[in-house]
Amino acid sequence: MVLNDVVQALRHIPCFAPLRSEAISKVAITIIEKSYQKGEVIFSRDEPCLGLFILKKGAVKLFRLSPDGQENVIRVARQGECLDCVPLVGGGLNPVSAQAIIPSEAYWLPHREFHWLLEQEPIMARQIARMLALKLRSFLGRFEDLNERLEVRVGRLLVELAR
C-alpha cells in the first residue's frame, strides 16, 4: 500500500473530502487494506461493528436473511462507497451482512480510529449526518416504490444497477 495512493483515494470519498490535508494523512496511516474473494463475507448481521469499510474496488452486496432463509439485498456498494456506517454512528450491532459479489478490495478504518477522527474533525461528523439523511430519503423512496407496479420497480432497479 502506497500512502500517497490512499490519501488520493480518501480525497474522493464524500465523508473524507472536506477534511484538512493533515487529517487525511493521519487517517491514511491507520487505514488497513483488505482483499476479499467473490462470495467472501466481510461482516455479518448482528455482530459487533469492527470499523468503517470503504470499498476501494469491486462490488459488495449488503443484505439481510429473512427468518425462512431468503436473502434480501438492501443495496450493492461500489467503489468509493462506505459499506455500512450505521452502527459506527448510532451504536449497536451490524444491521446487515456484507459479501463480495466479485473480487473486491476495501479500506478498513478500525472503530477506535474512526471515533477519534470524529472528535478531531467535526466537519466529518456533519458530512456523515448528511450522507445518512440521503440514505434515509433513498430508503423512504424505495418504501413508496412498493406501492408501484412490479414492472415499474424492476425498470427503476435496472436503471440503478446500470449506473
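Up top you'll find the structure we're talking about.
Here we summarise the structure given alongside this text. (Residues numbered from 1 in each chain as written. Predicted model: local features only at pLDDT ≥ 70, side-chain atom pairs only at ≥ 80, totals over all residues. Heavy atoms only, no water.)

Focus on unusual backbone geometry
The phi dihedral of Asp 46 is positive, around 65°, even though this residue is not glycine. Inspection of the secondary structure assignment puts Asp 46 in the loop between strand S2 (41–43) and strand S3 (51–57). (Helix = DSSP H or I, 4+ residues; strand = E, 2+ residues; numbered from the N terminus.)

Let's talk about the side chain of Ser 104
Examined against the element boundaries, Ser 104 turns out to sit in strand S7 (residues 104–110). At 3.1 Å, the side chain of Ser 104 forms a polar contact with the backbone nitrogen of Ala 59. A polar contact of 2.8 Å, which involves the side chain of Ser 104, links it to the backbone oxygen of Ile 102. (Polar contact = N/O pair within 3.5 Å; in protein donor to acceptor, adjacent residues only side chain to side chain.)

What about the packing of aromatic side chains?
Scanning all chains against the criterion turns up two aromatic pairs. A centroid spacing of 5.6 Å and a plane angle of 40° characterise the contact between Phe 43 and Phe 53, whose relative ring orientation is tilted. In this pair, Phe 43 sits in strand S2 while Phe 53 sits in strand S3, placing the two residues 10 residues apart along the sequence. One exposure class covers both Phe 43 and Phe 53, and it is buried. Ring centres of Phe 53 and Trp 108 lie 6.2 Å apart, and the angle between their planes is 25°; on these two criteria the pair is classed as stacked. Here Phe 53 is found in strand S3, whereas its partner Trp 108 is found in strand S7, with 55 residues between them in sequence. Both residues of the pair, Phe 53 and Trp 108, count as buried. Cluster of aromatic residues (ring-pair linked, three or more members): Phe 43, Phe 53 and Trp 108. In this structure, Lys 34 packs its charged tip against the face of Trp 108, placed 5.0 Å from the ring centre. (Phe/Tyr/Trp six-rings, centres within 6.5 Å; stacked < 30°, edge-to-face > 60°. Buried < 20%, exposed > 50% of the residue type's maximum accessible area, 1.4 Å probe, protein only. Lys NZ or Arg CZ within 6 Å of the ring centre and 35° of its normal.)

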